[in-house]
Structures are given as structure tokens and as C-alpha cells.
Amino acid sequence: MTCEIMNEAAAVSVSAALEKSGVVAIIRGVYGDKLMRCARALYDGGIRLMEITYDATGAHSDSEISGFIAALKSALPSDAHIGAGTVTDVQKVILTREAGGEFIISPDVNTDVIKQTKALGMVSMPGALTPTEIMTAHNAGADYIKVFPAGLFGAEYIKAIKAPLSNLKLLAVGNIEPESVGDYMRAGVCGIGVGSGVVNKKYIDSGEYEKLTALARDFVNAVGIF
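What you see is a predicted model, and the numbers here were worked out from it, not measured in a lab.

Focus on the overall build of the protein chain
Inference 1: Per the secondary structure count, the protein chain includes 11 helices and nine strands.
Inference 2: Computed over its C-alpha atoms, the radius of gyration of the protein chain comes to 16 Å, within 12% of the 17 Å expected for a compact globule of 226 residues.
Inference 3: Expressed as lengths along the three principal axes of its C-alpha atoms, the size of the protein chain is roughly 45 × 40 × 35 Å.
Inference 4: Put simply, the protein chain has 226 residues, and 50% of those count as buried.
Inference 5: Put simply, of all contacts in the protein chain between residues at least 6 apart along the chain, 60% involve residues at least 24 apart.

Some words on the environment of L215
Inference 1: Residue position: L215 is located in helix α11 (residues 209-224).
Inference 2: We classify L215 as partly exposed; its relative accessible area is 22%.
Inference 3: Setting aside anything within four residues of it in sequence, one finds L215 in contact with G197, V198, N200 and Y203.

Description of the packing of helix α9 (residues 178-187) against α11
Inference 1: Where α9 contacts α11, the axes come no closer than 9 Å and their chain directions differ by 30°. It follows that α9 is roughly parallel to α11 by the angle criterion. For the element pair α9 and α11, the recorded crossing hand is right-handed. Touching P178, V181 and M185 of α9 are D218, F219, A222 and V223, all from α11.
Inference 2: Grouping the amino acids of the contact of α9 with α11 by side-chain chemistry returns six nonpolar, no polar and one charged.

A short note on the nonpolar core
Inference 1: Residues I27, C38, L42, I47, M50, I134 and I192 are the most contacted members of the largest nonpolar core, which totals 64 residues.
Inference 2: Per element, the largest residue contribution to this core is seven residues, and it comes from α11.
Inference 3: With 14 residues, the next largest nonpolar core counts I26, L49, F103 and L171 among its residues.

A word on the pairing of strand β3 (residues 81-85)
Inference 1: The element β3 is largely enclosed, with a buried count of five among its five residues.
Inference 2: Residues H81, G83 and G85 point to one face of β3 and I82 and A84 to the other, with burial holding for every one of them.
Inference 3: The pairing of strand β2 (residues 49-53) with β3 spans five bridges and is parallel. Directly across from E51, in β3, lies its bridge partner G83.
Inference 4: Handedness of the β2-helix α3 (residues 62-75)-β3 crossover: right-handed.

Digging into the pairing of strand β1 (residues 23-27)
In summary, the side chains of a regular strand alternate between the two faces of the sheet.
Inference 1: The buried fraction of β1 is high, at five of five residues.
Inference 2: Bridging between β1 and strand β9 (residues 191-194) involves three bridges; their strand directions are parallel. What sits directly across from V23, in β9, is I192.
Inference 3: By the bridge criterion, four bridges tie β1 to β2 in an arrangement that is parallel. Across the sheet, residue I27 finds its bridge partner in β2, namely I52.
Inference 4: Once you follow β1 into helix α2 (residues 32-44) and on to β2, the crossover reads as right-handed.

A short note on the pattern of salt bridges
Inference 1: Following the criterion strictly, the structure yields 10 salt bridges and no others.
Inference 2: Here D143 ties to K118 by a salt bridge, and the two come within 2.9 Å at their closest N and O atoms. Here the residue D143 occupies a position in the loop between α6 (131-140) and β7 (145-147), and K118 occupies one in helix α5 (residues 111-119), the gap between them amounting to 25 residues.
Inference 3: Residue classification places D143 among the partly exposed residues on the basis of a relative accessible area of 26%.

Description of the side chain of T53
Inference 1: Looking at the element boundaries, T53 is found in strand β2.
Inference 2: A relative accessible area of 3% places T53 in the buried class.

Some points on the side chain of E102
Inference 1: Within the element layout of this structure, E102 appears in the loop between α4 (90-98) and β4 (103-105).
Inference 2: Relative accessible area serves as the criterion here: at 9%, E102 is assigned to the buried category.
Inference 3: Here K73 takes part through its side chain, which lies 2.9 Å from a polar atom of the side chain of E102.

Procedures and definitions
- Residues numbered from 1 in each chain as written.
- Predicted model: local features only at pLDDT ≥ 70, side-chain atom pairs only at ≥ 80, totals over all residues.
- Heavy atoms only, no water.
- Helix = DSSP H or I, 4+ residues; strand = E, 2+ residues; numbered from the N terminus.
- Rg over C-alpha atoms; globule rule 2.2 N^0.38 Å.
- Buried < 20%, exposed > 50% of the residue type's maximum accessible area, 1.4 Å probe, protein only.
- Contact = heavy atoms within 4.5 Å.
- Axes fitted to C-alpha atoms, helices over the stretch in contact; angles between N-to-C directions.
- Parallel < 35°, antiparallel > 145°, perpendicular 65-115°, else oblique.
- Left-handed = near helix turned anticlockwise from the far one by under 90°.
- Nonpolar A, V, L, I, M, F, W, Y, C, P; charged D, E, K, R; others polar.
- Core = buried A, V, L, I, M, F, W, Y, C linked by side-chain atoms within 4.5 Å.
- Pairing = 2+ DSSP bridges.
- Right-handed = clockwise from strand over helix to strand, strands pointing away.
- Salt bridge = Lys/Arg side-chain N within 4 Å of Asp/Glu carboxyl O.
- Polar contact = N/O pair within 3.5 Å; in protein donor to acceptor, adjacent residues only side chain to side chain.

So this is what it looks like as C-alpha cells:
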């Protein structure tokens, strides 16, 4: 089996998992053993896609982050899909693929990042807000478009965007709560991204990982209704 076919199969698997569970966990600022335990807790709560963010502060190197991605790929069951977030340049895309990452999430519409992601057989999920940004991402080859910060604009904004752009696959990310999931799903998104709503640093620091599992289950169940 060629690398191209293998990469294409991986991309299909990620898309199928996203459209089934509808939740991407955004894990930011959690490292080492805490990251491993956090990811397992989220998996136990039903989340199958996890974004490990690159560290914009520089406190943790890009190679260190890609190492965590590789470690999670080895530690979690095969139906868990690990990707990278805060991917702002092509080199991070390459590092992620070398680590076994399967999808790329960016805070912006960087067409070079999108094209490199697709060239390496990964799923592209760039961040955008305006109709122009969303269409630019789509035209560059993005598979899904992360509307961020969705929580500041609300589900009605998503609904307005979807009216003329009904063919696009949008994710709502930013300040999403279980109680508001239904509003976003009815507005037309195909999934949500959740950070601190499931990656609760207080619970992680106190070792209460079972509470992360409960939070994850709340979001997965909220999306599952739709």
C-alpha cells in the first residue's frame, strides 16, 4: 500500500470520527504524564479527536510538542485521532505528520499551511471568521473550517454564514458550553471544538481525571442528540 493511499485512508477515518462524535478536544498547556492521563480521560468520555497545541510562548519547543503527539498516538486506542493546533507555519505541519498526526488546526487562514496539510494527506481545519476568510480557506482546500471565536458571535452568526455557504463544513469553536451545543448544531455546524470546557486545569492539577471524563461525556451526549 502506497503512502498516498494510507494517508487518504487516515483522512477518511478522521472525517468519519468527527462526523460521528462531533467533538474535538483542544488540549493546550498540558504536558507529560498529565497530558497522557488527560487524553485517556477524554477518550473514556467518548471524545475521539484531540488537538495538541503548539506552544506560542516558546516555553515548549515544536519538537517537544510533536513528541507528545507521537506518544499519544502510541498510547491511545487506534480509534483515537490526534492532531495539532496553533499550527502557524509549514514546518509545524511537517513535524506533525512525522509524529503521526492526522489533522491540522490553525488559528488563521494560512493557505501555505492548508496546502501543505493536504499534500501530506492530513485533514485541514483552519480558523476563520468572516465570509471572505471562510471562502479563502475553502478555496485553498480546507476540509473543515473552524469558526472562531464562535461563542462571541453566537449561533445566529453561524446560521447567517451557512445560508449562502450551505455546502461548507463548519466547526464552532470558542466558549461553547453543553447547553449551547444544540443551538450551534441547529445552525448548521457539523461539530464543535472545546478547550477549557473539557480540559479543566483545576481537575488535572488535583488528579480528578474522572471529572474530565464526565465533562467529555456531557459534550458528546449533547452533540449526539443531533
